[in-house]
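Chains, contacts and geometry: an overview
What follows is the residue order along each chain.
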Amino acid sequence: MDALVIGAGPAGLMAAEELARAGRHVVVAEGKPSPGRKFLMAGKSGLNLTKDEGTETALAAYAEAAGPLGPILRAFGPAEVQAWARGLGQEVFTGSSGRVFPVAMKASPLLRAWLGRLGDMGVELRVRHRWVGWQGDGFAFDTPEGPVVARPRVTVLALGGASWARLGSDAAWVPLLQARGVSLSPFAGANVGVQVAWSPQMARHFGAPVKGVELQAGGMRVRAEFVVSSRGLEGGGIYAVSRAVREGAELVLDLAPDRTAAALAERLAVPRGKDSVGNWLRKRLGLDPVKLALLMEWGRPLPEGAALAALVKRLPVRHHGMRPIDEAISTAGGVRWEAVDDRLMLKAVPGVFVAGEMLDWEAPTGGYLLTACLATGRWAGRAAAGCVTSAE
Ligand SMILES: Cc1cc2nc3c(=O)[nH]c(=O)nc-3n(C[C@H](O)[C@H](O)[C@H](O)COP(=O)(O)OP(=O)(O)OC[C@H]3O[C@@H](n4cnc5c(N)ncnc54)[C@H](O)[C@@H]3O)c2cc1C
């Protein structure tokens, strides 16, 4: 074989496609019994492929990784991701927040079409082939037929990050790369919920969406929905601030972002009379049951008057840190940029390229994750193809 790609997620499949397009015989080895399991899971709640914005705007979402990702996303950014999906027969639409989805919403039709195209291009997919390390220059696999060693001319590793291990991305590759002297940043959950030890009264709100609230953390102000769950808070709004919270910022909620503290204080200046506190707050401030419950949970004993109004505007979330990394939508950390050259080839292991979430970048949700996975997969695949050609 000319080229080996390990990992059949979006990054690996993109690398395989580029290698095949360059006329290479490509084998994709996947540890799981089927390809793209996390990709399919991503489609369960609506496959957000990319953000409909210019590449330079999109790049800002990758924070410190915007530098190294710059040339890669300029070659394949939001517009190219949309064209790519259309090329696979998947019409896309842009939602109100600029997020782009396939009309089918899920990943399965796209993945089916993609695998079909790769098959037509001669890409060979070998499932249940788990890479377990190097044997000399060869790549050693555990397979149902026993151990196998592959000796490709070039390899692209696209093994994913360190969350949702049951879908294949278990980061078991970390010691394998470390043993070859590849420098890695520790993994941390990105786009992950916060853990809360709720009082029993909160149980009836589990599953309730919290809407129209502003989340504040580390200078960020985000107005997006999140959900109260038995384990804490999760969902888009929380994920958006999760990096700041992970890095130690206090998380605060503004339960009435459209009104000033003074306006709220005025509403609260009326005597409570015989109303319960809950009823009175509901009537005077129009807070819905879940917002009231959060106020009671973290604000009790409730102050009065202007202090209560201030609390509604600035309610500190009493949490116990982030939920475990395995629950994260994506992970920060992985192969450091210093460990690869500008082709995404490992400096310590020439001929081996890396792509996708196993590289050290993170971004908020919004389609940025898949965009960077596809773009780095394409970049690494092209560079790997060039590497074989130049050796001929
Ligand atoms: C619930 C959920 C929803 C999401 N929604 C979105 C979304 O809407 N938009 C978005 O942009 N992103 C979303 N994501 C994130 C996105 O799915 C990932 O960022 C993306 O799949 C990462 O692609 P990848 O190819 O780098 O890795 P992965 O998709 O993780 O693929 C890596 C592959 O490598 C295989 N592998 C690992 N180790 C080995 C080994 N030793 N040997 C052989 N094979 C191995 C794995 O089995 C896996 O198939 C979501 C994630 C989750 C969990």
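For the structure given in this document, a descriptive report is provided here. Everything quoted here is computed from the prediction, not taken from an experiment. (Residues numbered from 1 in each chain as written. Predicted model: local features only at pLDDT ≥ 70, side-chain atom pairs only at ≥ 80, totals over all residues. Heavy atoms only, no water.)

Once that is clear, we can look at the pattern of salt bridges. Within the structure shown, the criterion is met by 25 salt bridges. Close ionic contact of Asp-258 with Arg-223 constitutes a salt bridge, the shortest N to O distance being 3.0 Å. Taken as a pair, Asp-258 in the loop between strand 18 (251-254) and helix 9 (261-268) and Arg-223 in strand 15 (residues 220-223) lie far apart in primary sequence, 35 residues in all. Exposure remark for Arg-223: the relative accessible area of 46% places this residue in the partly exposed category. With its nearest N and O atoms 3.8 Å apart, the salt bridge here joins Glu-327 to Arg-231. Here Glu-327, found in the loop between strand 19 (315-316) and strand 20 (330-335), pairs with Arg-231, found in the loop between strand 16 (226-229) and strand 17 (232-234); they are 96 residues apart in sequence, far enough to count as distant. Relative accessible area serves as the criterion here: at 26%, Glu-327 is assigned to the partly exposed category. Judged by its relative accessible area of 37%, Arg-231 falls in the partly exposed class. Where salt bridges share partners, they join Glu-17, Glu-18, Arg-21, Arg-117 and Arg-382 into one cluster. (Salt bridge = Lys/Arg side-chain N within 4 Å of Asp/Glu carboxyl O. Helix = DSSP H or I, 4+ residues; strand = E, 2+ residues; numbered from the N terminus. Buried < 20%, exposed > 50% of the residue type's maximum accessible area, 1.4 Å probe, protein only.)

With respect to spatial proximity, 31 residues lie near the ligand, and among them Glu-30, Asn-48, Ser-169, Glu-357 and Leu-370 are the closest. A distance of 2.5 Å is found between an oxygen atom of the ligand and a side-chain nitrogen or oxygen belonging to Glu-30. Surface burial for the ligand is 95%, taken as the share of its 1000 Å² of free accessible area covered by protein chains. Of all the elements in the fold, those that place two or more residues in the shell around the ligand are helix 1 (10-21), helix 2 (37-42), strand 7 (130-135) and helix 13 (368-391). For the shell around the ligand, the per-class residue count stands at 15 nonpolar, 11 polar and five charged. (Near = heavy atom within 4 Å. Polar contact = N/O pair within 3.5 Å; in protein donor to acceptor, adjacent residues only side chain to side chain. Areas by Shrake-Rupley, 256 points an atom, 1.4 Å probe, with all protein chains shown as cover. Nonpolar A, V, L, I, M, F, W, Y, C, P; charged D, E, K, R; others polar.)

Quick look at the side chain of Arg-323 now. If you trace the backbone, Arg-323 turns up in the loop between strand 19 and strand 20. Separated by 3.2 Å, the side chains of Arg-323 and Gln-195 make a polar contact. Those residues in contact with Arg-323 that sit more than four places away from it in its chain are Val-192, Gly-193, Val-194, Gln-195 and Arg-231. (Contact = heavy atoms within 4.5 Å.)

This part covers the layout of surface pockets. As a volume, the second largest pocket reaches approximately 240 Å³. Residue lining of the second largest pocket: 13 residues in total, with Arg-204, His-205, Leu-292, Ala-293 and Met-296 positioned closest to the centre. When residues in the lining of the second largest pocket are grouped by element, the largest group, five residues, is from helix 11 (residues 289-299). Partitioning the lining of the second largest pocket into residue classes produces seven nonpolar, three polar and three charged. (1 Å grid on protein atoms, 1.4 Å probe; cavity = no way out; pocket = protein on both sides within 12 Å on 5 of 7 lines; lining within 4 Å. Points joined across faces, edges and corners; volume = space filled by probe spheres on them.)

Turning our eyes to something else, we now look at helix 5 (residues 78-87). Every buried residue of helix 5 is accounted for by Pro-78, Val-81, Gln-82, Trp-84 and Ala-85. The arc enclosing the buried residues of helix 5, seen along the axis, measures out at 160°, which places them on a common side. Helix 5 presents Ala-79 and Gly-87 as exposed residues on the side facing more than 90 degrees away from its buried surface. (Arc of directions from axis to C-beta.)

All right, on to the sheet that holds strand 15 then. Taken together, the four strands give an open sheet; going across it, the order is 15-14-18-19, and neighbouring strands pair in antiparallel fashion. What marks the edges here is a single partner per strand, and that holds for strand 15 and strand 19. The sheet contact formed by strand 14 (residues 214-217) and strand 18 spans four bridges and is antiparallel. Along strand 18, the bridge assignment pairs Ala-217 with Leu-251. This element, helix 12 (residues 305-313), spans strand 18 and strand 19 of the sheet and lies at about 110° to strand 18. (Pairing = 2+ DSSP bridges. Axes fitted to C-alpha atoms, helices over the stretch in contact; angles between N-to-C directions.)

Assignment of secondary structure puts Gln-90 in the loop between helix 5 and strand 4 (92-94). The class of Gln-90 is buried, set by a relative accessible area of 10%.

Geometric values such as these leave the question of function open.
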